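So you can see what is in the structure, the chains are spelled out below.
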Amino acid sequence: MTQYDDCRFEDTAHYRIVMVCLCVWWLMFVLRAFALITAGVVANESVEQGSIENQLLIISAAGLGLFHMPRAWHVLKSREGRTLLLLLLAYCGWSAVSYIWTIDSALTVRRLLAFVMLMTGCVGIGAGFYSRLSDGPMAFARHVIYASFAAVLILLPPRLQRVSLQDIVNPNFNMKDTTEIAMLSYPAGYGLLAAIVVFRWRTILRWSSLLFLFLVLVLLKGRSMLGDVMASGTILASRLTLVPGLRGVLLTVGLLLTAFFADLGTGGKFFVSFISNAYDSLGPVLPWLTVGDGLKNLTSLSGRLPLWNAIYPYIELNPILGYGFGAFWNPEHLDQILTLSGWHAVVAHNGFLDEILATGMIGLALFLAFWIYAMVISIRAAHLYDEQIGHLMFGWLLLFLLFNTLDSVMQSYFKSPTLFAVTGVFSMSQFFSEGVPLEMVIRSGEPFYLRRVSA
């Protein structure tokens, strides 16, 4: 059993410089939200996907990833690492092949290049940089907490300057018109799950962090996002709690919430039927559930059902191949969907449908193969190497899928769920790296755990 060496990678100039770069990168990523608030729907999407600022962020992320790629390639020599990387490359390859039949070659090329560069950044930083840290995946989880607090403290106070307590308790009040709430809710959700693990043995820090991030999600009134976080969070907590009876309760609640959002993401048949039958008993809380928009808000899933009904015929026309990576939401289809659905949607508000529209059922199958395999090796890591990190990565991956039931992160990939989940999974590659011995590490006040010795 050994202690930490005196000379650690964390003490080097390399580590400090990269951490400064990552901090500056995240600040620039978060500050984009101020450009998204008053731009309008179409301009909003344009800024989100094609601004010069975003291109610079993507290129810089790819640069950091490429710099660490030699180390990443060495760490990914294990069967798990190579399989994970091959599945990601298979999806990228199929997306590139979709250029043959894309309906908008310029959109496909631009967005595919951006996606490949982002994945290069995630793989390189995860497997090439964080794998060198003495507790790489756990360090990344801590950094996600810091990132979530930074996003909240930068973006939320300016939005609350003109908000009174009366506004907050008003069922009709929401921040969607003045705030890009996904820029806050996504990091807050991932930070909340990370806090369950990182502060597992620090009761005050854990509960204060969880309460703060939970209240942020409640204040934003992103109902589905809050539910997604609760579903994945209770499943994660069920794996780590030391109270046997509570473990079963948390797991049951998490599975029920997951099934609930799976129903919503596939059309909400059971949910809409329940709401219609329970209308009278829901009367007192209906204004809060609908944010003042009435019963139609729930029975239409906030306008998603008309949107999905408008999209289904396009899917039926080309279900296997799709319309090309990132190509469906061109000006022509935007106008057509506006006419058919009655509102100006710029994404499907369902990541699975957006993926089928882009790369077809084949592309969706390849993407899910990568994601499901990542969940499998996360569980394997929890059983063999680090219970806390393995379950956290599984929770993050599950949260990504849940976010995609009523929102679009697939194909709208330049968002924190993609960045956090993919980087986190590849940071675990140190667990499976061949030829790297295991070492027991003692943490003050915490149980020991196994880690790989950095090369």
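Above this note sits the structure.
Since the structure is predicted, the reported quantities are computational estimates derived from the model, not experimental observations.

A. A look at the overall build of the protein chain. Within the protein chain one finds 22 helices and two strands. Scored against the burial criterion, the 455 residues of the protein chain give a buried share of 55%. In the protein chain, the proportion of contacts linking residues at least 24 apart, taken out of those at least 6 apart, comes to 76%.

B. Geometry of unusual backbone geometry. Positive phi outside glycine occurs at histidine 349, with the angle close to 55 degrees. Mapped onto the elements, histidine 349 comes out in the loop between α18 (331-341) and α19 (351-384). Positive phi, normally seen in glycine, also occurs at glutamine 411, with a value near 70 degrees. Relative to the elements of secondary structure, glutamine 411 occurs in the loop between α20 (387-406) and α21 (416-427). Owing to a relative accessible area of 7%, glutamine 411 belongs among the buried residues under this scheme.

C. Quick look at the side chain of aspartate 354. Along the chain, aspartate 354 falls in helix α19. Although aspartate 354 lies buried, it forms no salt bridge, and the closest oppositely charged side chain, arginine 111, sits 7.6 Å away as judged by the N-O distance. Once residues lying within four places of it in the same chain are set aside, the contact partners of aspartate 354 are Trp329, Val347, Ala348, His349, Ser408, Met410 and Gln411.

D. View of a nonpolar patch on the surface. A cluster of nonpolar side chains, Val20, Val24, Leu27, Met28, Leu31 and Phe34, forms an exposed patch at the surface whose accessible area comes to about 480 Å². Position of valine 24 relative to the elements: it lies in helix α1 (residues 13-31).

E. Looking closely at α18. Those residues of α18 lying buried are His333, Leu334, Ile337 and Ser341. Along the axis of α18, the buried residues cluster in a sector spanning 105 degrees; they form a single face. Turned more than 90 degrees away from the buried face of α18, the exposed residues are Pro331, Glu332 and Thr339. Where the residues of α18 are buried, they touch α17 (304-317). Glycine 342, located one to two residues past α18, shows a positive phi value of around 90 degrees.

Calculation rules
- Residues numbered from 1 in each chain as written.
- Predicted model: local features only at pLDDT ≥ 70, side-chain atom pairs only at ≥ 80, totals over all residues.
- Heavy atoms only, no water.
- Helix = DSSP H or I, 4+ residues; strand = E, 2+ residues; numbered from the N terminus.
- Buried < 20%, exposed > 50% of the residue type's maximum accessible area, 1.4 Å probe, protein only.
- Contact = heavy atoms within 4.5 Å.
- Lys, Arg positive; Asp, Glu negative; His and termini not counted.
- Salt bridge = Lys/Arg side-chain N within 4 Å of Asp/Glu carboxyl O.
- Patch = residues over 30% accessible without salt bridge, like charges linked within 9 Å, V, L, I, M, F, W, Y side chains within 5 Å.
- Areas by Shrake-Rupley, 256 points an atom, 1.4 Å probe, with all protein chains shown as cover.
- Arc of directions from axis to C-beta.

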